[in-house]
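What follows is each chain in one-letter form.
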Amino acid sequence: MALDVQDTRFVGQGGIHLNGRLILPPGDGPVPIMVEVHGSEGANALDFNAFQRFAPASGVGVFVYAKRGSGGSEGRYTQDFHILAADAAAAVVEARRLAGARAGRVGLHGASQGGWIAPLAASQTPVDFVTVGFGLAYGALAEDSDQVMLDLKARGWGPQVLEQAREITDVTGAFIASHGGVGFDALEAVRAKYRDQPWFADIKGEFTGLLLNTPDAQIIAMAPQMDLGTSWDYDPLPVLSSLSTPMLWIQAQNDTGAPPDATRQRLIDLAGQGRPITLLEYPDTDHGIVRFETAADGRRTALGNAPGYYQAVLDWAKTGRLDGRYGDGRLLATPSRRGR
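Residues numbered from 1 in each chain as written. Predicted model: local features only at pLDDT ≥ 70, side-chain atom pairs only at ≥ 80, totals over all residues. Heavy atoms only, no water.

Student: Pulling in residues and values, what's your account of the packing of helix α3 (residues 81-99) against helix α4 (residues 114-122)?
Tutor: Look at α3 against α4: their axes get within 8 Å of each other, and the N-to-C directions meet at 60 degrees. Comparing their axes, α4 and α3 come out oblique. The two elements α3 and α4 cross, and the hand of that crossing is right-handed. Of α4, the residues touching α3 (which contributes Phe 81, His 82, Leu 84, Ala 85, Ala 88 and Ala 89) are Trp 116, Ile 117, Leu 120 and Ala 121. The residue makeup of the contact of α3 with α4, split by class, is 9 nonpolar, 1 polar and no charged. (Axes fitted to C-alpha atoms, helices over the stretch in contact; angles between N-to-C directions. Helix = DSSP H or I, 4+ residues; strand = E, 2+ residues; numbered from the N terminus. Parallel < 35°, antiparallel > 145°, perpendicular 65-115°, else oblique. Left-handed = near helix turned anticlockwise from the far one by under 90°. Contact = heavy atoms within 4.5 Å. Nonpolar A, V, L, I, M, F, W, Y, C, P; charged D, E, K, R; others polar.)

See the structure below:
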(Lines give C-alpha, C1' and ligand atoms only; values in the text may rest on other atoms or scores of the structure.)
Protein backbone atom coordinates (compact mmCIF):
# COMPACT_ATOMS: atom_id res chain seq x y z
CA MET A 1 0.00 0.00 0.00
CA ALA A 2 1.41 3.39 -1.02
CA LEU A 3 1.26 5.64 2.04
CA ASP A 4 1.92 9.37 2.19
CA VAL A 5 5.11 9.67 4.29
CA GLN A 6 6.72 12.98 5.18
CA ASP A 7 9.81 13.30 7.37
CA THR A 8 10.30 16.59 9.20
CA ARG A 9 12.29 18.45 11.82
CA PHE A 10 10.39 20.77 14.14
CA VAL A 11 11.08 22.94 17.17
CA GLY A 12 10.16 21.74 20.67
CA GLN A 13 10.40 23.34 24.10
CA GLY A 14 13.37 25.67 24.48
CA GLY A 15 14.23 25.72 20.77
CA ILE A 16 15.28 22.05 20.67
CA HIS A 17 14.94 20.50 17.18
CA LEU A 18 13.10 17.16 17.08
CA ASN A 19 12.85 14.62 14.27
CA GLY A 20 9.34 13.61 13.28
CA ARG A 21 7.38 11.72 10.63
CA LEU A 22 3.80 12.00 9.35
CA ILE A 23 2.28 8.89 7.76
CA LEU A 24 -1.13 9.31 6.10
CA PRO A 25 -3.43 6.77 4.42
CA PRO A 26 -3.72 6.80 0.62
CA GLY A 27 -6.00 9.40 -0.92
CA ASP A 28 -6.48 13.14 -0.71
CA GLY A 29 -9.38 13.58 1.74
CA PRO A 30 -9.31 14.47 5.45
CA VAL A 31 -8.28 11.72 7.84
CA PRO A 32 -7.92 11.46 11.63
CA ILE A 33 -4.36 11.78 12.91
CA MET A 34 -2.89 10.40 16.14
CA VAL A 35 0.18 12.18 17.51
CA GLU A 36 2.13 9.46 19.31
CA VAL A 37 3.49 10.36 22.77
CA HIS A 38 6.36 8.29 24.22
CA GLY A 39 6.37 6.32 27.39
CA SER A 40 9.44 6.44 29.66
CA GLU A 41 11.70 4.68 27.16
CA GLY A 42 14.66 6.52 25.70
CA ALA A 43 14.62 4.56 22.44
CA ASN A 44 13.84 6.10 19.07
CA ALA A 45 10.08 6.02 18.41
CA LEU A 46 10.73 6.52 14.69
CA ASP A 47 12.05 2.96 14.79
CA PHE A 48 9.96 1.18 17.43
CA ASN A 49 6.48 2.75 17.34
CA ALA A 50 4.04 0.10 16.14
CA PHE A 51 1.01 2.26 15.37
CA GLN A 52 2.80 4.01 12.50
CA ARG A 53 3.02 0.62 10.78
CA PHE A 54 -0.65 -0.37 10.76
CA ALA A 55 -2.88 2.58 11.70
CA PRO A 56 -2.48 4.36 8.33
CA ALA A 57 -3.50 1.14 6.57
CA SER A 58 -6.71 1.27 8.63
CA GLY A 59 -7.51 4.87 7.72
CA VAL A 60 -5.84 6.67 10.64
CA GLY A 61 -2.81 8.92 10.11
CA VAL A 62 0.06 8.90 12.59
CA PHE A 63 2.60 11.55 13.54
CA VAL A 64 5.52 10.02 15.40
CA TYR A 65 8.63 11.77 16.65
CA ALA A 66 11.88 10.98 18.42
CA LYS A 67 11.85 12.49 21.89
CA ARG A 68 14.69 14.78 22.83
CA GLY A 69 17.97 12.93 23.16
CA SER A 70 16.93 10.04 20.88
CA GLY A 71 16.77 9.31 17.16
CA GLY A 72 18.81 12.32 16.11
CA SER A 73 16.63 14.77 18.05
CA GLU A 74 18.55 17.41 19.92
CA GLY A 75 18.68 17.85 23.68
CA ARG A 76 19.09 15.58 26.67
CA TYR A 77 16.75 12.72 27.53
CA THR A 78 14.41 13.80 30.31
CA GLN A 79 11.37 12.65 32.21
CA ASP A 80 10.24 16.18 33.02
CA PHE A 81 6.54 15.93 32.16
CA HIS A 82 6.20 19.66 31.53
CA ILE A 83 9.01 19.75 28.99
CA LEU A 84 7.76 16.59 27.31
CA ALA A 85 4.20 17.93 27.18
CA ALA A 86 5.42 21.11 25.50
CA ASP A 87 7.26 18.96 22.94
CA ALA A 88 4.08 16.93 22.34
CA ALA A 89 2.05 20.12 21.89
CA ALA A 90 4.62 21.29 19.31
CA ALA A 91 4.27 17.92 17.56
CA VAL A 92 0.51 18.50 17.24
CA VAL A 93 1.13 21.86 15.57
CA GLU A 94 3.65 20.29 13.19
CA ALA A 95 1.31 17.42 12.33
CA ARG A 96 -1.45 19.86 11.41
CA ARG A 97 0.98 21.93 9.33
CA LEU A 98 2.24 18.96 7.34
CA ALA A 99 -1.20 17.42 6.83
CA GLY A 100 -2.75 20.67 5.67
CA ALA A 101 -6.21 20.09 4.23
CA ARG A 102 -5.93 16.36 4.99
CA ALA A 103 -6.00 16.98 8.75
CA GLY A 104 -9.32 15.79 10.10
CA ARG A 105 -9.64 14.90 13.77
CA VAL A 106 -6.21 15.42 15.37
CA GLY A 107 -5.44 14.07 18.82
CA LEU A 108 -2.83 12.69 21.18
CA HIS A 109 -2.17 9.02 21.95
CA GLY A 110 0.06 8.38 24.96
CA ALA A 111 0.98 5.12 26.66
CA SER A 112 2.42 4.43 30.12
CA GLN A 113 4.34 7.61 31.10
CA GLY A 114 2.63 9.21 28.09
CA GLY A 115 -0.56 9.02 30.15
CA TRP A 116 0.73 11.92 32.24
CA ILE A 117 2.06 13.83 29.25
CA ALA A 118 -0.73 13.56 26.66
CA PRO A 119 -3.49 15.21 28.77
CA LEU A 120 -1.04 17.90 29.90
CA ALA A 121 -0.15 18.60 26.25
CA ALA A 122 -3.87 18.74 25.40
CA SER A 123 -4.22 21.52 27.96
CA GLN A 124 -1.63 23.52 26.00
CA THR A 125 -2.86 23.15 22.41
CA PRO A 126 -6.30 22.37 20.92
CA VAL A 127 -6.88 18.71 20.04
CA ASP A 128 -10.00 16.72 19.19
CA PHE A 129 -9.28 13.69 21.38
CA VAL A 130 -6.85 12.10 23.81
CA THR A 131 -6.19 8.38 24.16
CA VAL A 132 -4.25 6.98 27.13
CA GLY A 133 -3.10 3.39 27.29
CA PHE A 134 -2.06 1.80 30.62
CA GLY A 135 -1.31 5.18 32.21
CA LEU A 136 -1.91 6.61 35.67
CA ALA A 137 -4.29 9.31 36.90
CA TYR A 138 -2.19 9.98 40.00
CA GLY A 139 1.43 10.92 40.61
CA ALA A 140 4.68 9.08 39.98
CA LEU A 141 5.52 8.70 43.68
CA ALA A 142 2.30 6.79 44.27
CA GLU A 143 3.24 4.47 41.40
CA ASP A 144 6.27 3.25 43.36
CA SER A 145 4.26 2.87 46.56
CA ASP A 146 1.51 0.89 44.83
CA GLN A 147 4.08 -1.38 43.19
CA VAL A 148 5.60 -2.10 46.60
CA MET A 149 2.17 -3.04 47.96
CA LEU A 150 1.53 -5.34 44.99
CA ASP A 151 4.90 -7.03 45.51
CA LEU A 152 4.13 -7.70 49.17
CA LYS A 153 0.56 -8.86 48.54
CA ALA A 154 1.85 -11.27 45.90
CA ARG A 155 4.13 -12.76 48.56
CA GLY A 156 1.17 -13.24 50.90
CA TRP A 157 1.88 -10.47 53.40
CA GLY A 158 -1.12 -8.97 55.18
CA PRO A 159 -2.40 -5.51 56.21
CA GLN A 160 -0.01 -5.03 59.13
CA VAL A 161 3.02 -5.51 56.88
CA LEU A 162 1.51 -3.23 54.23
CA GLU A 163 1.06 -0.50 56.83
CA GLN A 164 4.69 -0.81 57.89
CA ALA A 165 5.82 -0.80 54.27
CA ARG A 166 3.84 2.40 53.70
CA GLU A 167 6.05 4.04 56.33
CA ILE A 168 9.05 3.03 54.24
CA THR A 169 7.64 4.29 50.94
CA ASP A 170 6.77 7.64 52.56
CA VAL A 171 10.46 8.03 53.40
CA THR A 172 11.83 6.80 50.07
CA GLY A 173 9.31 8.95 48.20
CA ALA A 174 10.38 12.08 50.09
CA PHE A 175 14.02 11.23 49.44
CA ILE A 176 13.60 10.71 45.69
CA ALA A 177 11.32 13.75 45.24
CA SER A 178 13.93 15.97 46.89
CA HIS A 179 16.65 14.47 44.66
CA GLY A 180 18.42 13.43 47.85
CA GLY A 181 18.13 16.85 49.42
CA VAL A 182 16.40 15.60 52.57
CA GLY A 183 19.47 13.52 53.45
CA PHE A 184 19.97 9.92 54.47
CA ASP A 185 18.91 10.04 58.12
CA ALA A 186 15.28 9.01 57.62
CA LEU A 187 16.28 6.44 55.01
CA GLU A 188 18.78 4.86 57.36
CA ALA A 189 16.20 4.90 60.17
CA VAL A 190 13.67 2.78 58.27
CA ARG A 191 16.41 0.45 57.09
CA ALA A 192 17.51 -0.12 60.67
CA LYS A 193 13.94 -0.48 61.91
CA TYR A 194 12.80 -3.05 59.35
CA ARG A 195 15.80 -4.72 57.70
CA ASP A 196 15.49 -7.81 59.93
CA GLN A 197 11.82 -8.33 59.08
CA PRO A 198 11.14 -11.40 56.91
CA TRP A 199 9.25 -9.31 54.35
CA PHE A 200 11.96 -6.66 53.92
CA ALA A 201 13.66 -8.49 51.03
CA ASP A 202 10.36 -8.72 49.15
CA ILE A 203 10.16 -4.95 48.66
CA LYS A 204 10.88 -3.90 45.08
CA GLY A 205 8.81 -1.08 43.55
CA GLU A 206 10.01 1.54 41.10
CA PHE A 207 12.88 2.75 43.29
CA THR A 208 12.22 1.83 46.95
CA GLY A 209 13.91 -1.58 46.81
CA LEU A 210 16.98 -0.03 45.21
CA LEU A 211 17.25 2.69 47.87
CA LEU A 212 16.84 0.20 50.71
CA ASN A 213 19.53 -2.16 49.46
CA THR A 214 22.17 0.19 48.07
CA PRO A 215 24.90 1.75 50.26
CA ASP A 216 24.61 5.52 50.70
CA ALA A 217 27.95 6.20 49.00
CA GLN A 218 26.84 4.21 45.97
CA ILE A 219 23.54 6.10 45.82
CA ILE A 220 25.46 9.37 45.81
CA ALA A 221 27.71 8.08 43.00
CA MET A 222 24.72 6.87 40.98
CA ALA A 223 22.61 9.99 41.52
CA PRO A 224 23.73 11.99 38.45
CA GLN A 225 22.81 9.09 36.15
CA MET A 226 19.58 8.30 38.02
CA ASP A 227 18.25 11.86 38.09
CA LEU A 228 16.30 12.18 34.84
CA GLY A 229 14.35 15.25 35.89
CA THR A 230 11.24 13.20 36.62
CA SER A 231 8.26 15.31 37.72
CA TRP A 232 7.80 13.44 40.99
CA ASP A 233 5.52 16.14 42.41
CA TYR A 234 3.17 16.25 39.41
CA ASP A 235 -0.49 15.58 40.22
CA PRO A 236 -2.55 15.08 37.04
CA LEU A 237 -5.89 15.68 38.79
CA PRO A 238 -6.14 19.45 38.10
CA VAL A 239 -5.59 18.85 34.38
CA LEU A 240 -8.00 15.91 34.22
CA SER A 241 -10.60 17.87 36.17
CA SER A 242 -10.53 20.85 33.83
CA LEU A 243 -9.78 19.35 30.41
CA SER A 244 -12.76 19.53 28.03
CA THR A 245 -11.16 17.27 25.40
CA PRO A 246 -12.81 13.81 25.14
CA MET A 247 -10.47 11.20 26.63
CA LEU A 248 -10.36 7.44 26.26
CA TRP A 249 -8.41 5.58 28.95
CA ILE A 250 -7.58 1.91 28.40
CA GLN A 251 -6.38 -0.02 31.45
CA ALA A 252 -4.90 -3.44 32.17
CA GLN A 253 -6.75 -4.92 35.14
CA ASN A 254 -3.68 -6.80 36.41
CA ASP A 255 -1.06 -4.18 35.61
CA THR A 256 2.07 -4.61 37.72
CA GLY A 257 3.90 -1.67 36.11
CA ALA A 258 1.10 0.86 36.58
CA PRO A 259 -1.15 -0.53 39.32
CA PRO A 260 -4.67 0.43 38.18
CA ASP A 261 -6.90 0.51 41.27
CA ALA A 262 -6.47 4.16 42.28
CA THR A 263 -6.56 5.31 38.65
CA ARG A 264 -9.73 3.35 37.98
CA GLN A 265 -11.53 4.96 40.92
CA ARG A 266 -10.31 8.45 40.10
CA LEU A 267 -11.44 8.16 36.46
CA ILE A 268 -14.82 6.74 37.44
CA ASP A 269 -15.31 9.62 39.87
CA LEU A 270 -14.34 12.20 37.25
CA ALA A 271 -16.65 10.65 34.67
CA GLY A 272 -19.44 10.68 37.24
CA GLN A 273 -18.83 14.40 37.68
CA GLY A 274 -19.42 14.89 33.95
CA ARG A 275 -15.82 15.04 32.77
CA PRO A 276 -15.41 13.72 29.18
CA ILE A 277 -13.73 10.46 30.21
CA THR A 278 -14.39 6.97 28.86
CA LEU A 279 -12.70 4.06 30.63
CA LEU A 280 -12.17 0.65 29.00
CA GLU A 281 -10.48 -2.09 31.03
CA TYR A 282 -9.14 -5.45 29.89
CA PRO A 283 -9.19 -8.34 32.39
CA ASP A 284 -6.27 -10.73 32.68
CA THR A 285 -3.81 -8.27 31.14
CA ASP A 286 -0.60 -6.64 32.31
CA HIS A 287 1.22 -3.45 31.31
CA GLY A 288 0.81 -2.82 27.60
CA ILE A 289 -2.66 -4.46 27.59
CA VAL A 290 -0.75 -7.73 27.25
CA ARG A 291 -2.38 -11.08 28.00
CA PHE A 292 -0.31 -13.52 30.05
CA GLU A 293 -0.17 -16.93 31.60
CA THR A 294 1.15 -17.45 35.12
CA ALA A 295 3.59 -20.19 36.07
CA ALA A 296 3.53 -22.03 39.39
CA ASP A 297 6.21 -19.69 40.76
CA GLY A 298 4.09 -16.63 39.91
CA ARG A 299 6.08 -15.54 36.87
CA ARG A 300 4.10 -14.25 33.92
CA THR A 301 4.70 -15.11 30.28
CA ALA A 302 3.37 -12.60 27.76
CA LEU A 303 0.91 -13.90 25.16
CA GLY A 304 0.43 -10.76 23.07
CA ASN A 305 -2.01 -7.87 23.14
CA ALA A 306 -5.65 -8.39 24.06
CA PRO A 307 -7.92 -8.73 21.01
CA GLY A 308 -9.89 -5.54 20.43
CA TYR A 309 -7.37 -3.19 22.05
CA TYR A 310 -5.91 -1.78 18.84
CA GLN A 311 -9.35 -1.46 17.25
CA ALA A 312 -10.61 0.57 20.22
CA VAL A 313 -7.69 3.01 19.77
CA LEU A 314 -8.41 3.37 16.05
CA ASP A 315 -12.17 3.81 16.46
CA TRP A 316 -11.69 6.50 19.08
CA ALA A 317 -9.40 8.39 16.71
CA LYS A 318 -11.92 8.08 13.87
CA THR A 319 -15.16 8.92 15.65
CA GLY A 320 -14.61 9.65 19.35
CA ARG A 321 -16.92 6.72 20.15
CA LEU A 322 -16.61 3.08 21.03
CA ASP A 323 -19.22 1.14 19.06
CA GLY A 324 -19.77 -2.54 19.75
CA ARG A 325 -17.45 -4.89 21.58
CA TYR A 326 -13.67 -4.80 21.73
CA GLY A 327 -12.68 -8.30 22.70
CA ASP A 328 -13.37 -8.82 26.40
CA GLY A 329 -12.73 -5.17 27.26
CA ARG A 330 -15.20 -3.82 29.83
CA LEU A 331 -16.56 -0.30 29.62
CA LEU A 332 -16.37 0.95 33.21
CA ALA A 333 -17.20 4.63 32.78
CA THR A 334 -18.41 7.21 30.30
CA PRO A 335 -19.08 10.91 30.92
CA SER A 336 -22.72 10.15 31.72
CA ARG A 337 -22.30 6.84 33.48
CA ARG A 338 -20.62 5.83 36.72
CA GLY A 339 -18.59 2.63 36.72
CA ARG A 340 -19.84 -0.52 38.32
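Student: Describe empty space enclosed by the protein, with residues and values.
Tutor: Applying the stated rule across the entire model yields 1 cavity of 30 Å³ or more. For the largest cavity, the calculated volume is near 60 Å³. Contributing to the lining of the largest cavity are Leu 18, Val 37, His 38, Tyr 65, Lys 67, Arg 68, Leu 84, Asp 87 and Ile 117. Tallied by class, the residues present in the lining of the largest cavity amount to 5 nonpolar, 1 polar and 3 charged. (1 Å grid on protein atoms, 1.4 Å probe; cavity = no way out; pocket = protein on both sides within 12 Å on 5 of 7 lines; lining within 4 Å. Points joined across faces, edges and corners; volume = space filled by probe spheres on them.)

Student: Describe the environment of Asn 305, and please don't skip the residues or the numbers.
Tutor: Mapped onto the elements of the fold, Asn 305 is located in strand β11 (residues 300-305). On the basis of relative accessibility, which here comes to 30%, the residue Asn 305 falls in the partly exposed class. Spatially, the C-alpha atom of Asn 305 lies 9.1 Å from that of Phe 292, the residues being 13 residues apart in sequence. Leaving out residues up to four positions away in the same chain, Asn 305 has contacts with Gly 288, Ile 289, Val 290, Arg 291 and Tyr 310. Only 2.8 Å separates the side chain of Asn 305 from the backbone oxygen of Gly 288, close enough to count as a polar contact. There is a polar contact of 3.4 Å between the side chain of Asn 305 and the backbone oxygen of Ile 289. (Buried < 20%, exposed > 50% of the residue type's maximum accessible area, 1.4 Å probe, protein only. Polar contact = N/O pair within 3.5 Å; in protein donor to acceptor, adjacent residues only side chain to side chain.)

Student: Now, about the packing of aromatic side chains: what can you tell me, with residues and values included?
Tutor: Aromatic ring pairs are defined here through the distance separating the ring centres and the angle between the ring planes. Within this structure, the stated rule accounts for 12 aromatic pairs. Residues Phe 51 and Tyr 310 carry aromatic rings whose centres are separated by 5.2 Å and whose planes lie at 75 degrees to one another, so their mutual orientation is edge-to-face. Here Phe 51, found in helix α2 (residues 51-54), pairs with Tyr 310, found in helix α12 (residues 309-319); they are 259 residues apart in sequence, far enough to count as distant. Phe 51 sits in the buried class, given a relative accessible area of 7%. A centroid spacing of 5.3 Å and a plane angle of 80 degrees characterise the contact between Phe 207 and Trp 232, whose relative ring orientation is edge-to-face. Placement of Phe 207 in the loop between α7 (185-194) and α8 (208-213) and of Trp 232 in the loop between α9 (216-226) and α10 (237-242) is noted, with a sequence separation of 25 residues between them. With respect to class, Phe 207 is no different from Trp 232; both count as buried. (Phe/Tyr/Trp six-rings, centres within 6.5 Å; stacked < 30°, edge-to-face > 60°.)

Student: With reference to specific residues and values, describe the side chain of Arg 264.
Tutor: Tracing the chain through its elements places Arg 264 in helix α11 (residues 261-272). Setting aside residues no more than four positions away along its own chain, Arg 264 makes contact with Gln 251, Gln 253, Leu 279, Glu 281 and Leu 332.

Student: Tell me about the pairing of strand β8 (residues 277-282), and name the residues and values.
Tutor: With respect to burial, β8 is a largely interior element, 6 of its 6 residues being buried. Residue alternation in β8 divides its side chains into two sets, Ile 277, Leu 279 and Glu 281 and Thr 278, Leu 280 and Tyr 282, and both sets are buried. In this sheet, β8 lies alongside strand β7 (residues 247-252) in parallel orientation, the contact comprising 6 bridges. Note that in β8 the partner of Gln 251 across the bridge is Glu 281. (Pairing = 2+ DSSP bridges.)

Student: How would you sum up the pattern of salt bridges? Please name residues and give values.
Tutor: If you walk through the whole model with that rule in mind, you get 16 salt bridges. Among the ionic pairs, Arg 191 bridges to Asp 216, the shortest N-O distance being 2.7 Å. Here the residue Arg 191 occupies a position in helix α7, and Asp 216 occupies one in helix α9, the gap between them amounting to 25 residues. The class of Asp 216 is partly exposed, set by a relative accessible area of 23%. Its salt-bridge partner being Asp 235, residue Arg 266 comes within 3.2 Å of it at the nearest N-O pair. Placement of the pair is Arg 266 in helix α11 and Asp 235 in the loop between α9 and α10, with a sequence separation of 31 residues. Exposure remark for Arg 266: the relative accessible area of 24% places this residue in the partly exposed category. One network of salt bridges, in which partners are shared, links Glu 188, Arg 191, Arg 195 and Asp 216. (Salt bridge = Lys/Arg side-chain N within 4 Å of Asp/Glu carboxyl O.)

Student: How would you sum up the nonpolar core? Please name residues and give values.
Tutor: Grouped together as the largest cluster of nonpolar side chains are 73 residues, with contacts concentrated most on Val 35, Phe 63, Leu 108 and Trp 249. For this core, the element with the highest residue contribution is α3, accounting for 10 residues. Apart from residues lying up to four places away in sequence, Leu 108 is in contact with Val 35, Val 37, Ala 88, Val 92, Ala 118, Ala 121, Ala 122, Val 127, Phe 129, Val 130 and Thr 131. (Core = buried A, V, L, I, M, F, W, Y, C linked by side-chain atoms within 4.5 Å.)

Student: Let's hear about the sheet that holds β11: which residues, and what values?
Tutor: Pairing is antiparallel across the open sheet formed by 3 strands, whose spatial order is β9-β10-β11. Looking at which strands have only one partner, the edges of the open sheet turn out to be β9 (285-286) and β11. Of the pairings in the sheet, the one linking β9 to strand β10 (residues 290-294) comprises 2 bridges and is antiparallel in character. By the bridge assignment, Asp 286 is partnered in β10 with Val 290.

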